[in-house]
Amino acid sequence: MQTQSSLKSVIQHRCFFNIISQNNLPLHTATVCSLLLAAQNVFAVGFDQLPGLNGPQDAAADAIQGRDINGVRPAIGPFEGIGLCQSIAVSPDNGSFSNATQALGTRCAELVQTADPRAGGDGTGLPDALNLGVAPADVLAALQQVVPEETEIIGSGATDTAHDQMTNIGSRMQYLRTGSSTLAVSGFNFSGDDLTGGAAGADGYSRVGLFINGSYGSGNKDATNNEAGFDFDAYGITAGVDYRFSEALVAGIAVGFSNSEVEAENDAGNTDADGFNGTLYGMYYTERFYVEGSVSFGRYEYEARRVIDYGAGVMQRSADLDSETDGDQFGWSLGTGYTNYVDSLNYTLFGRLEGIDSDIDGYSGANPEWAMSVDDQQIESVQAILGGQLAFASSQNFGVIQPYVNAEWHYEFEDEARDITANYLNDPFFAATGSKEFTVRLMSDDPDVDFFLVSVGATLVMQGGNQFFINVDKVLGLDDVSSQAITAGVRFEF
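Residues numbered from 1 in each chain as written. Predicted model: local features only at pLDDT ≥ 70, side-chain atom pairs only at ≥ 80, totals over all residues. Heavy atoms only, no water.

Caption draft 1: Region of interest: the overall build of the chain. Within the chain, the regular secondary structure consists of 8 helices and 17 strands. Looking at the 494 residues of the chain, the share that counts as buried comes to 54%. On the chain, roughly 20,000 Å² of surface is accessible, and the fraction owed to carbon and sulfur atoms is 56%. (Helix = DSSP H or I, 4+ residues; strand = E, 2+ residues; numbered from the N terminus. Buried < 20%, exposed > 50% of the residue type's maximum accessible area, 1.4 Å probe, protein only. Areas by Shrake-Rupley, 256 points an atom, 1.4 Å probe, with all protein chains shown as cover.)

As structure tokens, then:
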């Protein structure tokens, strides 16, 4: 690192001398130099002036000004910059940087100077046009906008679609065992694939069965220290066919399509996800006990928009950062249970393990200044599920109606937060060598260790075996999350 005195000479030569000599430095370079020269005798603390930075805001400040050590960031002054802002300004290659890189340096400097005006003009007569015209505390919202929070939203919902697809198939297998399906629909889900495998049916030994279901779910997540709040709406459809090889052995295949839309709080952006998945499933059962399993694979497309809107008047900075990427999901489930009857009442006690492995490809946003390159994500989930259900069958002239209630307890083994990393595309050091010195590091919330799922609904089995059902479910015990869904479907036996 250069000494303060030597670097001060570099700054004076590179910035001050050229400005005084009217050598026409590019505007972006001149404004960043103005920030540094003005701070020669005033060591500003920049973002440390701001009260209570949350996780995303702190991640942006780490990249722009430099990482804090024991809660203190590098001061802004006439020495080599540790953060991206100063490093762009004092780099020996500054004059050859692209206009987009120069603009990024200026945007960084504007945020630092507005957070702590001591980083601005000191009466030297140099241009002091960096202040955004808002209160320092308003910089908090700006910092949150310049990091890729949409990536956290995409990752949060990636495993839920796979969990829900396995729930769909579990419901179908339950019908094949008992002639009724009362399994709950979904866990916390804002990615849309929360469909049951159907409900009710005939007690005969039909060889071939078909089912199709549709659902709609909605909910919201409150903002936390690490993640933005959002509202979600989702819908999906699942269809499948299975074959009974014997009275005790069944196997089948199902396909599903899902779509979800998420709106971040404060009009900060949105995401849209849709995709297809396929599942192979099988089951072996006796009169009272059963064992079942499934494997699934899905491919999803994600589109996201992050809205940047801060500053005031001529210093208003507005942009929509659009991005898109793809992701794969692999899931498995293995379960067992016990079923019994008392007159028209039937009950089931069950347990299962579900595993999910979701990979989301890295992507780059499109914007000349705050564009980011986001690294790949891998999200894993392994849940143990214990539950029970109670149903009552009532015979009518037109068929059998079966109302039910279901409750499950979910325990998550993969309970560690996710580390999301990204770099500004116009960071010249990242662009030239892949340097990760100014990486933005976001941390997700820790997954909830456990939660509950309750469901109520009814099935109608018509004479001849055709079946209809409706189901409403609710998730309980998730921190900061509210989620509910309604599902309806039909099944045919041949």
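Caption draft 2: Quick peek at unusual backbone geometry. One non-glycine residue, N266, adopts positive backbone phi at about 60°. Mapped onto the elements of the fold, N266 is located in the loop between β3 (249–264) and β4 (269–285). Although it is not a glycine, D480 adopts a positive phi angle of roughly 70°. Tracing the chain through its elements places D480 in the loop between β16 (467–476) and β17 (481–493). The exposure class of D480 is partly exposed, given its relative accessible area of 36%.

Caption draft 3: Representation of the pattern of salt bridges within the structure. Under the defined criterion, the tally for this structure stands at 15 salt bridges. E110 is the partner of R317 in a salt bridge, and the nearest nitrogen-oxygen pair spans 2.7 Å. Residue R317 is found in strand β6 (residues 317–342), and its partner E110 is found in helix α5 (residues 99–115); the two are separated by 207 residues along the sequence. You'll find R317 and E110 in the same group, each marked buried. Ionic pairing is found between E227 and K221, a salt bridge with its closest N-O pair at 3.5 Å. (Salt bridge = Lys/Arg side-chain N within 4 Å of Asp/Glu carboxyl O.)

Caption draft 4: How the structure looks around helix α3 (residues 55–64). Within α3, 8 of the 10 residues are buried, which leaves the element mostly enclosed by the surrounding structure. Turning to α3, its buried residues are P56, Q57, A59, A60, A61, D62, A63 and I64. The elements touched by buried residues of α3 are α4 (84–90), α5, α6 (139–145), β13 (419–424) and β14 (440–443). Put simply, N54 is the residue that caps the front of α3, since its side-chain oxygen is 3.0 Å from the backbone nitrogen of Q57. One or two residues past the end of α3 sits G66, with phi positive at roughly 125°. (Contact = heavy atoms within 4.5 Å. Polar contact = N/O pair within 3.5 Å; in protein donor to acceptor, adjacent residues only side chain to side chain.)

Caption draft 5: Representation of the pairing of strand β5 (residues 289–310). Pairing analysis gives 17 bridges linking β4 to β5, with the strands arranged antiparallel. When the bridges of β5 are listed, G269 appears paired with R306. A loop of 3 residues connects β4 with β5, the two strands running antiparallel in sequence. Note that β5 and β6 share 22 bridges and pair antiparallel. Looking at β6, one finds that F297 is bridged to F330. Counting the residues in the hairpin turn of β5 and β6 gives 6 residues, including G311, whose phi is positive at 90°. (Pairing = 2+ DSSP bridges.)

Caption draft 6: Looking closely at the environment of L476. With respect to the helices and strands, L476 occurs in strand β16. Measuring from C-alpha to C-alpha, the distance between L476 and D450 comes to 9.7 Å, with 26 residues separating the pair along the chain. Look past the residues within four positions of L476 in its chain and what remains in contact with it is F451, F452 and V454.

Caption draft 7: How the structure looks around the layout of surface pockets. The volume enclosed by the second largest pocket comes to roughly 450 Å³. Lining the second largest pocket are 26 residues, and of these Q144, E149, A228, E265 and A268 lie nearest its centre. Among the elements of the structure, α6, α7 (150–178), β4 and β5 are those that each provide at least two residues to the lining of the second largest pocket. Of all the elements, β5 adds the most residues to the lining of the second largest pocket, at 4 residues. The residue inventory of the lining of the second largest pocket, partitioned by class, reads 8 nonpolar, 10 polar and 8 charged. (1 Å grid on protein atoms, 1.4 Å probe; cavity = no way out; pocket = protein on both sides within 12 Å on 5 of 7 lines; lining within 4 Å. Points joined across faces, edges and corners; volume = space filled by probe spheres on them. Nonpolar A, V, L, I, M, F, W, Y, C, P; charged D, E, K, R; others polar.)

Caption draft 8: Focus on a negative patch on the surface. A contiguous patch of negative charge, built from D222, D231, D233, E261, E263, E265, D267, D479 and D480, is present on the exposed surface. If you list the elements that add at least two residues to the negative patch, you get β2 (230–244) and β3. Mapped onto the elements of the fold, D479 is located in the loop between β16 and β17. Since its relative accessible area comes to 53%, D479 is described here as exposed. (Patch = residues over 30% accessible without salt bridge, like charges linked within 9 Å, V, L, I, M, F, W, Y side chains within 5 Å. Lys, Arg positive; Asp, Glu negative; His and termini not counted. Charge placed at Lys NZ, Arg CZ, Asp CG, Glu CD.)

Caption draft 9: Seen up close, the nonpolar core. Counting residues in each nonpolar core, the largest one holds 40 residues, and the members touching the most others are F47, I64, L111, W370 and Y424. The biggest single contributor to this core is α5, with 6 residues. If we ignore the near neighbours within four places in the chain, the residues touching L111 are F47, I64, L132, V139, A142, L143, Y310 and W370. One finds M173, A254, Y285 and I385 within the second-largest nonpolar core, a separate group that totals 11 residues. (Core = buried A, V, L, I, M, F, W, Y, C linked by side-chain atoms within 4.5 Å.)

Caption draft 10: Spotlight on the packing of aromatic side chains. The final tally for this structure, using the stated rule, is 8 aromatic pairs. Three or more aromatic residues joined by ring pairs make a cluster, and in this case those are F97, F429 and F438. (Phe/Tyr/Trp six-rings, centres within 6.5 Å; stacked < 30°, edge-to-face > 60°.)

Caption draft 11: Just the sheet that holds strand β9 (residues 372–374), in detail. Spatially, the 4 strands line up as an open sheet ordered β8-β9-β13-β14, and their pairing is antiparallel. Because the sheet does not close on itself, it has two edges, and the strands there are β8 (363–364) and β14. Looking at chain direction, β9 and β13 are connected through 3 bridges and run antiparallel. Looking across to β13, one finds that V374 is bridged to A422. Taken strand by strand, α3 contacts β13 and β14, and its axis lies near 165° from that of β14. (Axes fitted to C-alpha atoms, helices over the stretch in contact; angles between N-to-C directions.)

Caption draft 12: Focus on the confidence of the model for the chain. The pLDDT averaged across the chain works out to 78; a share of 76% of its residues lies at or above 70. Contacts of residues 1–43 to residues separated by more than four positions or lying in other chains number 78 contacts, the stretch itself having pLDDT below 50. This model gives residues 121–127 a pLDDT under 50, and the stretch forms 8 contacts once residues within four places in sequence are excluded. (pLDDT = per-residue confidence, 0-100.)

Caption draft 13: Local environment of the environment of A59. Within the secondary structure layout, A59 lies in helix α3. Separated by 362 residues in sequence, A59 and T421 have C-alpha atoms that sit 9.9 Å apart. When near neighbours in sequence (up to four residues on either side) are disregarded, A59 contacts V440, R441 and L442.

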